[in-house]
Amino acid sequence: MDEETFNLSIRKFLKMVGVKSQHEIEQAVARAHASGAINGTESLPATMTLEVSGVQLKVKFDGDISLQ
């Protein structure tokens, strides 16, 4: 195993996930705010699950996204 290739691959994957996830969350919050479903002062519970099937990894991350 090449550690440098491995680490770069992980970083590339996490960057892609971070950027795309942020974009999806921003769009969903904007739609909900525009429709009146939220007022923009909430703290929204969020969950992310990371799965890597080749090594039987499944980890759940919980947190909150504050709008104000």
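Throughout what follows, the structure given in this document is the object of discussion.

Procedures and definitions
- Residues numbered from 1 in each chain as written.
- Predicted model: local features only at pLDDT ≥ 70, side-chain atom pairs only at ≥ 80, totals over all residues.
- Heavy atoms only, no water.
- Helix = DSSP H or I, 4+ residues; strand = E, 2+ residues; numbered from the N terminus.
- Rg over C-alpha atoms; globule rule 2.2 N^0.38 Å.
- Buried < 20%, exposed > 50% of the residue type's maximum accessible area, 1.4 Å probe, protein only.
- Contact = heavy atoms within 4.5 Å.
- Lys, Arg positive; Asp, Glu negative; His and termini not counted.
- Charge placed at Lys NZ, Arg CZ, Asp CG, Glu CD.
- Pairing = 2+ DSSP bridges.
- Patch = residues over 30% accessible without salt bridge, like charges linked within 9 Å, V, L, I, M, F, W, Y side chains within 5 Å.
- Areas by Shrake-Rupley, 256 points an atom, 1.4 Å probe, with all protein chains shown as cover.
- Salt bridge = Lys/Arg side-chain N within 4 Å of Asp/Glu carboxyl O.

**Considering the overall build of the protein**
Stage number 1. Of regular secondary structure, the protein possesses one helix and two strands.
Stage number 2. Going residue by residue from the N terminus, the α and β elements of the protein occur as α-β-β.
Stage number 3. Compactness check: the protein gives a C-alpha radius of gyration of 16 Å against a globular reference of 11 Å for 68 residues, more than 25% above the reference.
Stage number 4. If you line up the protein on its principal axes, its C-alpha atoms span 50 × 20 × 20 Å.
Stage number 5. Going through the 68 residues of the protein one by one, you find that 4% of them count as buried.
Stage number 6. Long-range contacts, defined here as pairs at least 24 residues apart, represent 26% of the contacts in the protein between residues at least 6 apart.
Stage number 7. Separation between the mean location of the 7 positive side-chain charges and that of the 9 negative ones in the protein comes to 5 Å.

**Some remarks on the pairing of strand S1 (residues 43–52)**
Consecutive side chains along a regular strand alternate between the two faces of the sheet.
Stage number 1. Pairing between S1 and strand S2 (residues 57–66): ten bridges, direction antiparallel. The partner of Thr-49 across the bridge, within S2, is Lys-60.
Stage number 2. Between the end of S1 and the start of S2, which pair antiparallel, lie four residues, with Gln-56 showing a positive phi angle near 50°.

**Notes on a nonpolar patch on the surface**
Stage number 1. Side chains of Met-1, Phe-6, Ile-10, Phe-13, Leu-14 and Met-16 sit close together on the surface and give an oily, nonpolar patch of about 610 Å² of accessible area.
Stage number 2. By the secondary structure assignment, Leu-14 is in helix H1 (residues 3–35).
Stage number 3. Residue classification places Leu-14 among the partly exposed residues on the basis of a relative accessible area of 48%.

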